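What follows is each chain in one-letter form.
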Amino acid sequence: AIEALMALNPVKFRYKADEDEKHVGFIAEDVPELVASKDRKGLSAMDIVGVLTKVVQAQQKQIDALMAS
């Protein structure tokens, strides 16, 4: 999960249909296979949430261990 998270590269972009509105997201072709759709033209937001959850859980375990020592 940490490797997948570190491979995500958030970018700023605007849709052609609404160039006044700014967005932040990922380029589907550049995301790790773990969170990409099979055709690499999209990505799964729920898979990204899963990756983030796993990383936060691991970090919390490390924090707890450091606080206990």
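Higher on the page you've got the structure.
The rules we used
Residues numbered from 1 in each chain as written. Predicted model: local features only at pLDDT ≥ 70, side-chain atom pairs only at ≥ 80, totals over all residues. Heavy atoms only, no water. Helix = DSSP H or I, 4+ residues; strand = E, 2+ residues; numbered from the N terminus. Rg over C-alpha atoms; globule rule 2.2 N^0.38 Å. Lys, Arg positive; Asp, Glu negative; His and termini not counted. Charge placed at Lys NZ, Arg CZ, Asp CG, Glu CD. Phe/Tyr/Trp six-rings, centres within 6.5 Å; stacked < 30°, edge-to-face > 60°. Pairing = 2+ DSSP bridges. Expected span 1.5 Å × (residues − 1). Contact = heavy atoms within 4.5 Å. Core = buried A, V, L, I, M, F, W, Y, C linked by side-chain atoms within 4.5 Å. Buried < 20%, exposed > 50% of the residue type's maximum accessible area, 1.4 Å probe, protein only.

Draft legend 1. Summary view of the overall build of the protein chain. The secondary structure content of the protein chain amounts to two helices and two strands. Each helix (α) and strand (β) of the protein chain, taken in turn from the N terminus, gives the series α-β-β-α. The C-alpha atoms of the protein chain give 16 Å as radius of gyration, which overshoots the globular expectation for 69 residues (11 Å, by more than 25%). Viewed in the frame of its principal axes, the protein chain has a C-alpha envelope of about 55 × 30 × 15 Å. The centroid of the 9 positive side-chain charges in the protein chain is displaced by 2 Å from the centroid of its 11 negative side-chain charges.

Draft legend 2. The arrangement of the packing of aromatic side chains in detail. For the structure on display, the rule yields one aromatic pair. Plain terms: the ring middles of F13 and Y15 are 5.3 Å apart, the flat faces sit at 85° to each other, and that makes the pair edge-to-face.

Draft legend 3. Main features of the pairing of strand β2 (residues 18-25). Pairing of strand β1 (residues 11-15) with β2 involves five bridges; the strand directions are antiparallel. If you follow Y15 over to β2, its bridge partner there is D18. In textbook terms, the turn of a hairpin is the stretch between consecutive antiparallel strands, and for β1 and β2 this stretch comprises two residues.

Draft legend 4. Just helix α2 (residues 45-68), in detail. The first and last C-alpha atoms of α2 sit 34 Å apart over 24 residues, in line with the 34 Å expected at 1.5 Å per residue. Looking at the packing, one finds that the buried side of α2 touches α1 (2-7).

Draft legend 5. Fine view of the nonpolar core. Within the largest apolar cluster, seven residues are counted, these being A4, L8, V31, V35, A36, I48 and V51. Sequence-distant contacts of A36, defined by excluding residues within four places in its chain, comprise V31, G42 and L43.

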